[in-house]
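# Summary of structural features
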Amino acid sequence: MSELPVLISRDEVMRFLQNGDLIPRLEAVLGKFSERNNAEVIQPLRTTIPLQKYNGFLGIMPAYVAHEDILATKMVSFYQRDKDSVLPAHQATVLLFDPERGNVTAVMDGTVITEKRTAAVSAISAKLLMPASAEVLCILGSGPQAVSHYEVFTEMFSFREIRVWSRRRERAEQFASALQGPVTVYSSVKDAVVGADVIITVTMATEPVLLGEWVKPGAHVAAVGACRPNWRELDDALMREAVVYVDSREGAAAESGDIILSGASVFAELGEVINGTKPAEREKTTVFKSLGMGIQDAVSAKLVFDQWKSQQLRTNTKDP
Ligand SMILES: NC(=O)C1=CN([C@@H]2O[C@H](COP(=O)(O)OP(=O)(O)OC[C@H]3O[C@@H](n4cnc5c(N)ncnc54)[C@H](O)[C@@H]3O)[C@@H](O)[C@H]2O)C=CC1
Ligand SMILES: O=C([O-])C1=[NH+]CCC1
C-alpha cells in the first residue's frame, strides 16, 4: 500500500518557490519542450471544461518531464468575475506523482505556483526580448498576476519608472500602495503605455485593451491574459506589426484569441530562443503571448516538494 500524499499549503509553496531556483528550471524545461522529443517532454493540450452557469472554466494540465522524472497534473479554475466580486478569479491545485509506482506523492497549492511561474516565464521573455536600455515598465491589471509580475520584474531588472493601470482606479491605487517601491497610477491605458519599454498585460479582458498605435517601436509586450480562443487583450495592429513569440505553438493555435483572431503568425517559441534555434529580435517590437503550460507547473511542484523534503530532514535531525 502506498503512503498517503503529503499536503503542502499555500504558505509553504510561497516560502519554497524562490525565483532564483525557479527561473533556471523553467528555462531548461522550455528549451527541452521546443526540441519536440516526445520521449523527453510530454504535455498534451490543456483540457478546458466550461462552467457556463458560473462564467468560468476548469483547466486540466498534465505533464511528464523525463529528464527530471516529474509527473504532475494541475487543475486550475478561472472565472470572469463581476467588478465588485470578492471571490478569487483563479484557484489551482497540483498533484505530484511517483512516476514509477503511479501514486500521488504530494498535493499542493497550485494558486501560488500559477502566480509565480507565470510571472517568472514573462521575466524570461523580457530578459531575452526587451530593449537593451529598457527604463519604463507598465503593468495593465492589478490582480495577483500583476503582483507576482511586479515582484519578479523588480527583482531581476532595474526600471527608472513603473506604471500601473487598472479598470478601476482604486484597485490600481491599492496595488501601488501595497508594494515596496514607487509605482505611478494612471487612469488611461493610453497614457500608461505611451513611452513604455516593457508592457505586461495581466487583465481578464475579452476585448483588446492595448492598441498597437500606443506602443513604442521596439517595446516588449508580455501578454499574459486572454487565454480563450475568443478573448483578446491586444489589437490586430499590434499582433500583426510585432514579432510574436509564444510558450507553445500548439497551445497558441488552440487557445489564443489574440493570435487566432488577428491572423498573426508565430515567429518562435521562447524555448527556441533559449536553444538558439531562433533569434531574439530585441530591436523590434516583440509580443510574448503566454498561455501557461503543465510543464511549468511540473518543474515548480518538484522544486517545492524537494525543498519541503529537505526541510523535513532538517527538522527530523534536530529533534531526535
Ligand atoms: N498565461 C498564463 O500562464 C496565465 C495567465 N493568467 C491570466 O492572467 C490574467 C490575470 O490573472 P489574475 O491577476 O489572477 O486575474 P484577476 O481577475 O485577479 O485580475 C485581473 C485584472 O484584470 C482586470 N479586468 C477584468 N476585466 C477586465 C476588462 N474587461 N478589461 C480590462 N481589465 C479587466 C481586473 O480589474 C484586474 O485588475 C487573467 O487573464 C488570467 O487568466 C493567469 C494564470 C496563468
Ligand atoms: O496556465 C494556467 O494555469 C492558466 N492559464 C490561463 C488561466 C490559467
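Residues numbered from 1 in each chain as written. Chains lettered and ligands numbered in written order. Predicted model: local features only at pLDDT ≥ 70, side-chain atom pairs only at ≥ 80, totals over all residues. Heavy atoms only, no water.

## Topic: the site of ligand 2
- Near ligand 2, the surroundings consist of Arg 46, Met 61, Lys 74, Val 76, Phe 78, His 90, Thr 114, Arg 117, Cys 227, Leu 291 and Gly 292.
- One nitrogen or oxygen atom from the main chain of Leu 291 is found 3.0 Å from a nitrogen atom belonging to ligand 2.
- In isolation ligand 2 has 250 Å² of accessible area, and contact with the protein removes 92% of it.
- The pocket occupied by ligand 2, as judged from atoms lying within 2 Å of grid points, is the largest pocket.
- Of all the secondary structure elements, the ones that give two or more residues to the shell around ligand 2 are strand S5 (70-79) and helix H3 (111-129).
- Top contributing element to the shell around ligand 2 by residue count: S5, with three residues.
- Here the residues of the shell around ligand 2 sort into five nonpolar, three polar and three charged.
- Looking at which domains feed residues into the shell around ligand 2, each of domain 1 (6-113 + 295-310) and domain 2 (118-293) supplies at least three. (Near = heavy atom within 4 Å. Polar contact = N/O pair within 3.5 Å; in protein donor to acceptor, adjacent residues only side chain to side chain. Areas by Shrake-Rupley, 256 points an atom, 1.4 Å probe, with all protein chains shown as cover. 1 Å grid on protein atoms, 1.4 Å probe; cavity = no way out; pocket = protein on both sides within 12 Å on 5 of 7 lines; lining within 4 Å. Sits in = over half its atoms within 2 Å of the grid points. Helix = DSSP H or I, 4+ residues; strand = E, 2+ residues; numbered from the N terminus. Nonpolar A, V, L, I, M, F, W, Y, C, P; charged D, E, K, R; others polar. Domains from an automatic or database assignment.)

## Observations concerning H3
- With 19 residues, H3 should cover 27 Å at 1.5 Å per step; its first-to-last C-alpha distance of 27 Å lies within 8% of that length.
- Of all the 19 residues making up H3, 18 are buried; the element is thus mostly covered by neighbouring parts of the structure. (Expected span 1.5 Å × (residues − 1). Buried < 20%, exposed > 50% of the residue type's maximum accessible area, 1.4 Å probe, protein only.)

## A few points about the site of ligand 1
- Taken together, 24 residues lie near ligand 1, and His 90, Arg 117, Ser 142, Thr 203 and Ser 290 sit nearest.
- In the model, an oxygen atom of ligand 1 is placed 2.9 Å from a nitrogen or oxygen of the Arg 117 side chain.
- Within the backbone of Gly 292, one N or O atom sits 3.2 Å away from an oxygen atom of ligand 1.
- For ligand 1, the accessible surface in isolation is 850 Å², of which the surrounding protein chains cover 86%.
- At a threshold of 2 Å from the grid points, most atoms of ligand 1 map onto the largest pocket.

## So, the domain arrangement of the protein
- Once the domains are mapped, the protein shows domain 1 (6-113 + 295-310) and domain 2 (118-293).
- The straight-line distance from the C-alpha centre of domain 1 to that of domain 2 is 22 Å.
- With 30 residues of domain 1 at the interface, the matching set in domain 2 holds 32 residues.
- Summing both partners gives a buried area of about 2,600 Å² for domain 1 against domain 2, and 56% of it is carried by carbon and sulfur.
- Area buried by domain 1 at its contact with domain 2 is led by Arg 46, Gln 80 and Lys 83, which between them contribute 21% of it.
- Of the charged contacts, one joins Arg 168 and Asp 84 as a salt bridge, the two residues approaching to 2.8 Å between their closest N and O atoms.
- Where domain 1 touches domain 2, the interface holds 14 residue pairs in polar contact (both at pLDDT 80 or more).
- Of all elements in the fold, only helix H2 (19-34), strand S4 (56-65), S5 and helix H11 (294-318) reach the threshold of two or more residues within the side of domain 1 that touches domain 2.
- Element by element, the count of residues in the side of domain 1 that touches domain 2 is highest for H2, at 10 residues. (Contact = heavy atoms within 4.5 Å. Buried area = accessible area lost by both parts, 1.4 Å probe. Salt bridge = Lys/Arg side-chain N within 4 Å of Asp/Glu carboxyl O.)

## Remarks on the nonpolar core
- Ranked by internal contacts, the top residues of the largest apolar core, which has 68 residues, are Ile 8, Met 108, Ile 139, Phe 153 and Phe 159.
- Excluding residues within four positions of it along the chain, Ile 8 makes contact with Val 13, Ala 106, Val 107, Met 108, Asp 109, Val 304, Phe 305 and Trp 308.
- Of all hydrophobic cores here, the second largest spans 32 residues; its members include Phe 78, Leu 140, Ala 196 and Val 221. (Core = buried A, V, L, I, M, F, W, Y, C linked by side-chain atoms within 4.5 Å.)

## Quick word on the confidence of the model for the protein
- Model confidence for the protein is summarised by a mean pLDDT of 96, while 99% of its residues fall at 70 or above.
- Both scores are given for the predicted complex: the pTM is 0.97, the ipTM 0.99. (pLDDT = per-residue confidence, 0-100.)

## Looking at empty space enclosed by the protein
- Counting across every chain of the model gives one cavity of 30 Å³ or more.
- A volume near 40 Å³ is recorded for the largest cavity.
- In this structure, the largest cavity is lined by Asn 19, Lys 116, Ala 119, Ser 148, Glu 151 and Val 152.
- Only H3 and helix H4 (144-156) provide two or more residues apiece to the lining of the largest cavity.
- Here the lining of the largest cavity gets three residues from one element, more than from any other, and that element is H4. (Points joined across faces, edges and corners; volume = space filled by probe spheres on them.)

## A closer look at the layout of surface pockets
- Counted as a void, the largest pocket has a volume near 1,300 Å³.
- What lines the largest pocket is a set of 48 residues, and nearest its centre among them are Ala 89, His 90, Gly 143, Pro 144 and Met 204.
- Taken together, the residues of the lining of the largest pocket sort by class into 19 nonpolar, 18 polar and 11 charged.
- Domain assignment of the residues forming the lining of the largest pocket places at least three in each of domain 1 (6-113 + 295-310) and domain 2 (118-293).

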